[in-house]
Amino acid sequence: MLLLTINTYSQTKTIHVFVALCDNINQGIVPVPKSIGNGQDPKNNLYWGAGYGVKSFLRYKTKSWKLVQTIPPTDTDILERVLFKHTTKDVYLLADAYDGATIKNCTRTFLKAANHQNPISITTSSKTLQFGGAADLIAYVGHDGLMDFNLNLSCTNNVNIPKDVIILACYSRNYFTEKIKKAGANPILWTTHLMAPEAYTLKAAIDGWMLNETGLQIEERAAQAYHKYQKCGIRGARNLFATGFKQ
């Protein structure tokens, strides 16, 4: 007897995560231990290879994602590029670890993707996947570089369907609002205060997005995850996250 697996998605979904590696020397941050604050060492970096970094958390601390392959990046600012697939859904996640010294370029590339610019095709053994400005969801993880530098964003696309975006960085709603509006994107999750942009929050938000939850539901998921790992109190965690533009 032939058994058919019914996929809840009518088509493959893609997520592109831009990670600016934590960098004590090249970013305006409160220094972290040297071993995890080297922006040129993705293997041990706080936001990538450390326990709650994007690559390590998705690979080792959740059963929801499986590493498909490590892909040689074409951009010299990207130190490592990895492709994951969700274990039960037809969803792929591409994560890029940017040299911490190139946070400005990482931020710019993320914002251009929010404006549907610079689509990227990644070919696996079974299919060709669309990321960059062609991804269904994009996310930024790392220090909020817009607190330190100005960035002129050239938006070339008139957006009919806003790109869903997640920005896990300190005060991201305060500093990214103007540029996200200019890009024509839809902020399903960002922050209102200082925070640790670690991967458990990203994973929680993506879980809600895959279920087509509302921004408020995704915000609650993020708060619950942040409180679980940070032990900061659920009220404080709820005050930390926001969805959409401030009224």
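Look up a bit, the structure's there.
Residues numbered from 1 in each chain as written. Predicted model: local features only at pLDDT ≥ 70, side-chain atom pairs only at ≥ 80, totals over all residues. Heavy atoms only, no water.

J.: For the overall build of the chain, give the residues involved together with the corresponding values.
T.: Of the regular secondary structure elements, the chain holds six helices and 10 strands. Taking 2.2 N^0.38 as the reference for a compact globule, 247 residues should give roughly 18 Å; the C-alpha atoms of the chain span a radius of gyration of 17 Å, in line with that estimate. Taken along its principal axes, the extent of the C-alpha atoms in the chain is 60 × 40 × 40 Å. For the chain, with 247 residues in total, the buried portion stands at 53%. Across the chain, contacts joining residues at least 24 apart in sequence account for 63% of those joining residues at least 6 apart. A total accessible area of about 11,800 Å² is found for the chain, and carbon and sulfur atoms account for 50% of it. Looking at the chain, you have 27 positive and 18 negative side-chain charges, and the mean spots of the two groups are 5 Å apart. (Helix = DSSP H or I, 4+ residues; strand = E, 2+ residues; numbered from the N terminus. Rg over C-alpha atoms; globule rule 2.2 N^0.38 Å. Buried < 20%, exposed > 50% of the residue type's maximum accessible area, 1.4 Å probe, protein only. Contact = heavy atoms within 4.5 Å. Areas by Shrake-Rupley, 256 points an atom, 1.4 Å probe, with all protein chains shown as cover. Lys, Arg positive; Asp, Glu negative; His and termini not counted. Charge placed at Lys NZ, Arg CZ, Asp CG, Glu CD.)

J.: Tell me about helix 4 (residues 199-210), and name the residues and values.
T.: End to end, helix 4 covers 16 Å across 12 residues, agreeing with the expected 16 Å (1.5 Å per residue, within 8%). Within helix 4, 12 of the 12 residues are buried, leaving the element largely enclosed by the surrounding structure. Once helix 4 ends, the next one or two residues include N212, with phi positive near 60°. (Expected span 1.5 Å × (residues − 1).)

J.: Describe the environment of N174, naming the residues involved and giving the relevant values.
T.: Relative to the helices and strands, N174 resides in helix 3 (residues 172-183). A C-alpha to C-alpha distance of 9.7 Å links N174 and L146, two positions 28 residues apart in sequence. If near-sequence neighbours (up to four positions away) are discounted, N174 is found in contact with T191 and T192.

J.: Could you give an account of the pairing of strand 4 (residues 91-98), with specific residues and numbers?
T.: Taken across its eight residues, strand 4 has eight buried, putting it largely inside the fold. Residues V91, L93, A95 and A97 line one face of strand 4 and the alternating positions Y92, L94, D96 and Y98 line the opposite face, and both faces are buried. Where strand 1 (residues 13-20) meets strand 4, eight bridges bridge the pair, whose relative direction is parallel. When the sheet's bridge partners are listed, V19 is paired in strand 4 with A97. Relative to strand 4, strand 3 (residues 78-86) runs antiparallel, the two sharing seven bridges. The residue of strand 4 that forms the bridge with R81 is D96. Connecting the antiparallel pair strand 3 and strand 4 is a turn made up of four residues. (Pairing = 2+ DSSP bridges.)

J.: Go over the sheet that holds strand 7 (residues 137-141) with me, naming the residues and quoting the values.
T.: The pairing of strands in a sheet happens through backbone hydrogen bonds and is either parallel or antiparallel. The strand order across the open sheet built from eight strands is 2-3-4-1-7-8-9-10, with neighbouring strands paired in mixed fashion. Each end of this open sheet is capped by a strand with a single partner; those strands are strand 2 (65-70) and strand 10 (241-242). Along the sheet, helix 4 contacts strand 1, strand 2, strand 3, strand 4, strand 7, strand 8 (164-168), strand 9 (186-191) and strand 10; its crossing angle with strand 8, the most-contacted strand, is approximately 165°. (Axes fitted to C-alpha atoms, helices over the stretch in contact; angles between N-to-C directions.)

J.: I'd love a proper account of the side chain of Q27, names of residues and values included.
T.: Turning to its location among the elements, Q27 is positioned in the loop between strand 1 and helix 1 (54-60). Given the relative accessible area of 6%, Q27 is considered buried. Within the local environment of Q27, its side chain forms a polar contact with the backbone oxygen of L21, the two atoms lying 2.8 Å apart. Separated by 3.0 Å, the side chain of Q27 and the backbone oxygen of G100 make a polar contact. (Polar contact = N/O pair within 3.5 Å; in protein donor to acceptor, adjacent residues only side chain to side chain.)

J.: Which residues make up the pattern of salt bridges, and what are the values?
T.: What the rule picks out here adds up to six salt bridges. With a closest N to O distance of 3.4 Å, D90 and K127 form a salt bridge. With D90 in the loop between strand 3 and strand 4 and K127 in the loop between strand 5 (119-123) and strand 6 (128-132), this residue pair connects regions lying 37 residues apart in the sequence. With a relative accessible area of 26%, K127 lands in the partly exposed category. The salt bridge partner of E213 is R221, with a shortest N-O separation of 2.7 Å. Judged by its relative accessible area of 29%, R221 is partly exposed. (Salt bridge = Lys/Arg side-chain N within 4 Å of Asp/Glu carboxyl O.)

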